[in-house]
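# Overview (structure and organization)
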Amino acid sequence: MQESKIVKNAMRKDRNSKNRWSNVQEGYLTVVLSLILSIMLSMCLVLICGARDNMRRLHIECVTDICMNSILAEYHRELLNQYDLLFIDTSYGTAVPSYDKTAVRLIEYLAHNLNGEDIFLESVYRDASALEVQGVAITEVSGACDDGGKVLRRQTVDIMKQQIGLTYLEQIADWCDTVKAYELDTRDVLAEQRIAVAELESWETASTADGEGAFGIDIPGEHIVSFWESGMLGLLVDDTASLSGRSIHTENYISAREPLQGTGINPEVTFADNFVEQLLFHEYILAYTGRFDAQKEDGFLKYQTEYILAGNDSDLQNIKDIVYRLLAIRAAANLVYLVSDSEKMKLAEVTAGALALLIALPELTSVFQAVLVLTWALAESIYDVAQLLDGNRVALLKTGDGWHYSLENMLAFEGSLITQKTEIGLSYADYLRILLCLQDKEVTTFRLMDIMEMDIRQTPGNASFRMDACIDSFCAEILFSAAGEKEPYSITRRYGY
């Protein structure tokens, strides 16, 4: 019995010891699990917050992309319809352009896309991002007038690259090189003729009652110069009544005012603005504006290309200016040919010698020859320009086959012109191409914008349209605030055409 009690007590102590050890182990497990769960919970919260932050940033990216593209979708419809250009009009149909108006439009689009108005979706889903627009700043814009109109030229060149071949551009470049090599754009044949005539007149010492000089003869070809100086359109155009009488107030257009300026051409696009691209720009002008031989039906001015070259306030004055420029180029080119033609120079020398002998002053032979040759070139140029205005072609540098007037016919010229159909040489439009190459590109660009303003202001809702209000790219900095966040989210993006 005694031994049995001893065994029972030992067994009871052993069970109590095991229970105490089990309680200690259970206590250690509770502490470890608490530490592990707290770390895991923290990690889960960090992951949840990070996911929400990334979700917000993705939401901001998507909304910004949608809304800035929506701004670009508000391109000016008439600019696209008439000139195939994509620009945002920052006046939005008003008389006051402002980049702030674009910022307001962007805020409206952002607010609409952040806070959808779909009742069904709002009842099913909760807006987890809880974003709001805090502010928008337009930090950079590329305006049509920036860099001397470089922004506008870039778009026009992109259009024409798909239409014009490189070989044709090389031909135009060759024409321009020829004009500069022979100084056809700077040589004044009329002034040279006047100098030669003045040298003859300096030998005169008296006048007769009928107005003839002391030589007793008229200075050869003087009547041709009088035709030149009295206004050539009546001589060159059969029906002067058909000429346009349209006029404008040049001070109302962009070339006469200080334009709004952006921050320059979009740095994300490449545009060299070299000579080839200038030729493409000139092709755009000829394709999208009217001229004497191809008028634009709905154009405000009828001779638009001529306005771009001359810049006067009426169609009539513009076509007159172009005619005189063409006469000057043709006279210089004709003189180059005459000097190179030994047969014609010999004929002029013989005729001059006869005139000098007639007045007993053989020393004036060379002066008479100069007057005859210079006047001959002037007379031929009158015929050439009549050919061009009649839709025919004239070679830049003539040969004997293309020459029209004999010396005898030149001296008998009375103003009657009968043109002949020709298919060889340069057209009227080709000569305008040469004149465009000789003109400063910025002057050309701003006068083209004048034409655009004239035409678009005729359309409904565009009475105050301004090209300097138009932009083709913009950079915006946008701040978003989020519920529970102290620091705003910021994004900067540039979008353009």
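You'll find the structure just up there.
Residues numbered from 1 in each chain as written. Predicted model: local features only at pLDDT ≥ 70, side-chain atom pairs only at ≥ 80, totals over all residues. Heavy atoms only, no water.

### A few points about the nonpolar core
Ranked by internal contacts, the top residues of the largest apolar core, which has 111 residues, are Leu79 and Ile382. In terms of residue count, helix H14 (residues 365-389) provides more of this core than any other element does, 16 residues in total. Not counting the four nearest positions on each side in its chain, Leu79 is found in contact with Asp84, Leu85, Phe87, Met452, Ile456, Phe465, Met467 and Cys470. Grouped together as the second largest cluster of nonpolar side chains are 23 residues, Ile71, Leu110, Leu131 and Tyr489 included. (Core = buried A, V, L, I, M, F, W, Y, C linked by side-chain atoms within 4.5 Å. Buried < 20%, exposed > 50% of the residue type's maximum accessible area, 1.4 Å probe, protein only. Helix = DSSP H or I, 4+ residues; strand = E, 2+ residues; numbered from the N terminus. Contact = heavy atoms within 4.5 Å.)

### Some remarks on the packing of aromatic side chains
As enumerated under the stated definition, the model contains seven aromatic pairs in all. With a centroid separation of 5.7 Å and an interplanar angle of 80°, the aromatic rings of Tyr405 and Phe413 are classed as edge-to-face. The pair formed by Tyr405 and Phe413 is uniform in burial state, with each residue classed as buried. Aromatic rings pair up to connect Phe292, Tyr303 and Tyr428 into one cluster. The ring of Phe300 carries the charged tip of Arg246 above its face, separated from the ring centre by 5.6 Å. Here Lys398 stacks its cationic end above the ring of Trp403, 5.5 Å away from the centre of that ring. (Phe/Tyr/Trp six-rings, centres within 6.5 Å; stacked < 30°, edge-to-face > 60°. Lys NZ or Arg CZ within 6 Å of the ring centre and 35° of its normal.)

### Some points on the pattern of salt bridges
Inspection of the entire model under this criterion finds 27 salt bridges. The partner of Arg153 in a salt bridge is Asp273, and the shortest N-O contact between them spans 2.8 Å. One end of the pair, Arg153, is in helix H5 (residues 146-160); the other, Asp273, is in the loop between helix H9 (233-236) and helix H10 (275-288), and 120 residues separate them in sequence. Looking at Arg153, the relative accessible area reads 1%, which means it is buried. The closest approach of N and O atoms between Glu277 and Lys161, which form a salt bridge, is 3.8 Å. A residue pair is termed long-range when its members are at least 10 positions apart, and Glu277 in helix H10 and Lys161 in the loop between H5 and helix H6 (166-181) qualify at 116 residues. Lys161 gets classed as partly exposed once you look at its relative accessible area, which sits at 44%. In the salt-bridge network here, residues are joined through shared partners; they are Arg257, Glu453, Arg457, Arg466 and Asp468. (Salt bridge = Lys/Arg side-chain N within 4 Å of Asp/Glu carboxyl O.)

### Re helix H16 (residues 428-438)
For H16, the buried fraction is high: 10 of the 11 residues fall into the buried class. Three or more residues of H16 are buried, namely Tyr428, Ala429, Asp430, Tyr431, Leu432, Arg433, Ile434, Leu435, Leu436 and Cys437. Tucked into the core, H16 has its buried residues touching H6, H10, helix H11 (304-310), helix H12 (315-340), H14 and helix H17 (441-456).

### With respect to the environment of Ile71
Along the chain, the position of Ile71 falls in helix H1 (residues 2-72). Classification of Ile71 as buried rests on a relative accessible area of 0%. Sequence separation between Ile71 and Phe474 is 403 residues; the distance between their C-alpha atoms is 9.8 Å. Not counting the four nearest positions on each side in its chain, Ile71 is found in contact with Ile88, Thr102, Arg105, Leu106, Tyr109 and Phe474.

### Quick notes on the environment of Thr492
In this structure, Thr492 sits in strand E4 (residues 489-496). Along the primary structure Thr492 and Leu479 are separated by 13 residues, whereas in three dimensions their C-alpha atoms are 9.0 Å apart. Not counting residues up to four positions away in its chain, the partners in contact with Thr492 are Cys475, Ala476 and Glu477.

### Re the packing of helix H8 (residues 222-229) against H14
Their axes nearest at 9 Å, the elements H8 and H14 cross at an angle of 45°. Regarding the angle of H8 to H14, the classification is oblique. The way H8 lies across H14 gives a crossing that is left-handed. Residues Ile224, Val225 and Trp228 of H8 touch H14, and the partners they reach there are Thr375, Leu378, Ala379, Ser381 and Ile382. A breakdown of the residues in the contact of H8 with H14 according to their chemical character gives six nonpolar, two polar and no charged. (Axes fitted to C-alpha atoms, helices over the stretch in contact; angles between N-to-C directions. Parallel < 35°, antiparallel > 145°, perpendicular 65-115°, else oblique. Left-handed = near helix turned anticlockwise from the far one by under 90°. Nonpolar A, V, L, I, M, F, W, Y, C, P; charged D, E, K, R; others polar.)

### A look at the pairing of strand E3 (residues 470-482)
In terms of residue burial, E3 counts as a mostly covered element, since 10 of its 13 residues are buried. Where strand E1 (residues 88-89) meets E3, two bridges bridge the pair, whose relative direction is antiparallel. Among the inter-strand pairings, Ile88 is bridged to a residue of E3, identified as Ile471. Sheet topology note: the strand E2 (residues 131-143)/E3 ladder contains 11 bridges and is antiparallel. Among the inter-strand pairings, Gly135 is bridged to a residue of E3, identified as Leu479. Both E3 and E4 contribute to a ladder of eight bridges, which runs antiparallel. (Pairing = 2+ DSSP bridges.)

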